[in-house]
Amino acid sequence: MKKSTRIGLILAIILVAALAALAEWLVIRDDDITKNPNGLITSVKMGGAFNLIDHKGNTVTEKNFLGNYVLVFFGYTFCPDVCPTALADVALVLDELGRDSMAVTPIMITIDPKRDKPDVLSEYITLFHDRIIGLTGTEKQIKEVAEKYRVFYRRVDDQEYSFYLMDHTSFIYLVDPKGTVISLFRYGTPPSEIADTIRKHMKG
Amino acid sequence: MFLKILFSFIMIAFIHSSAVASEFQLGNLTISDPWSRATSSHQMSGVVYLRILNSGNQTDRLIKAVSIHSEKVTLHDMILDGDIMKMQSIKNGVEIPANSEVELKPGAKHIMLMGLKRRLDRGQTVSVTLHFQHAGMTEIKALVFDAGSRGPKGKNLKGNMPGNHSKNGHKSH
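Source: prediction; values computed, not measured.

Caption draft 1: Inspection of the sheet that holds strand β7 (residues 133-136) of chain A at higher detail. All names here are of chain A. An order of β4-β3-β7-β6-β5-β10-β11 is seen for the seven strands of this open sheet, with the pairing classed as mixed. One side of each edge strand has no neighbouring strand; the edge strands of this open sheet are β4 (59-61) and β11 (181-185). Going across the sheet, the axis of each strand differs from the next one's by a mean of 35°, ignoring polarity. Across the sheet, helix α3 (residues 118-125) lies against β3 (51-54), β6 (104-110) and β7, angled at about 155° from β7, the strand it touches most. Contacts from helix α4 (residues 139-148) reach β3, β5 (69-75) and β6 within the one sheet, and its direction differs from that of β3 by about 115°.

Caption draft 2: Representation of the nonpolar core. Residue and element names in this part refer to chain A. In this structure, L71, L87 and I172 are the most contacted members of the largest nonpolar core, which totals 92 residues. Residue contributions to this core peak at 11 residues, all from helix α2 (residues 82-97). Setting aside anything within four residues of it in sequence, one finds I172 in contact with L71, F73, A86, V90, L184, F185 and I194.

Caption draft 3: Here's a closer look at the interface of chain A and chain B. Across the boundary between the two partners, chain A contributes 31 residues, which contact 29 residues of chain B. Considering each element in turn, the side of chain A that touches chain B owes the most residues, eight residues, to α2(A). Looking at side-chain class alone, the side of chain A that touches chain B contains 19 nonpolar, seven polar and five charged residues. As paired strands, strand β9 (residues 165-169) of chain A and strand β6 (residues 84-89) of chain B are joined by two bridges and run antiparallel to one another. Residue pairing in the sheet places H168(A) in a bridge with M85(B) of β6(B).

Rules behind the numbers
Residues numbered from 1 in each chain as written. Chains lettered and ligands numbered in written order. Predicted model: local features only at pLDDT ≥ 70, side-chain atom pairs only at ≥ 80, totals over all residues. Pairing = 2+ DSSP bridges. Helix = DSSP H or I, 4+ residues; strand = E, 2+ residues; numbered from the N terminus. Axes fitted to C-alpha atoms, helices over the stretch in contact; angles between N-to-C directions. Contact = placed C-beta atoms within 7 Å. Core = buried A, V, L, I, M, F, W, Y, C linked by C-beta atoms within 7 Å. Buried ≥ 20, exposed ≤ 12 C-beta atoms within 10 Å, placed from the backbone. Nonpolar A, V, L, I, M, F, W, Y, C, P; charged D, E, K, R; others polar.

Here's what the structure looks like:
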């Protein structure tokens, strides 16, 4: 076998292995999920402590959000299509919950901390709902929280435009008042379904 | 009584002045309800969604688009690669089969305004010239809705949709 072919083959194997590992990491297995006797999910093995900066420039940790349910979405402001749609869905969930929505805190965590500084986030989130909190941080802080939520994100450069876009996973995560992740919803899940799940948890 | 009449006139005048055509005809193609979303002053890309009905017997393609509001306009699709959302350029244009309707909407195919020259505000209109393989070209005006809007047909958050005082646009005025 020619040397270049052999190198190509080895690289291909490494790439496949890496993709498989990524796919594995992204998958949430049965033993990552804990349910109560009623079948209601009480925890998903993800989430946890974080150290970030909110859209007003204040340092915050996960402790700042205890006591309320939290809906978390990871996105970025340069996102042309998916993120506005998902944030609109989050706002619709709050709408559906009516008065109960005060027990839910909506958060957007940026996966593009380079551009999404607090003031940029601040202007963006107010377009969707006045209670959304935007979180940013250093590249390291964002990487840490993204890893805890198993969020995949990657910068996509295109010579055709002067700015970059991002590929990313786009789940909406539900965290309970104790800080435990209890659900995640695929992009496109109807807001009414998310609201129903929250209501079920509120009833216990 | 006079006040009621005056009020009605004012409302009608207001509706007329904010009326925007929501249908554009080009040969066998009918482009309906083009709409866009408001952006923040930092965002450099915008979207335009619309429906295209091809009532002819020949398949056509939306091959290109241009707008004075952005440096470039591209045609994109959203691909779900496992759970990763990826945007992809539509290489040969959007196919509009004969006797069918294609919808460009959130989470699916859409027109991207790349390198916005200004912020898009709710209530404004965005002019885009669409180039079709067979039908030729036409300029459409997309109405800008809220950033989180589902568009003229979808369920929206805030009650006041710009110019949307009657069902299905303003063709009847």
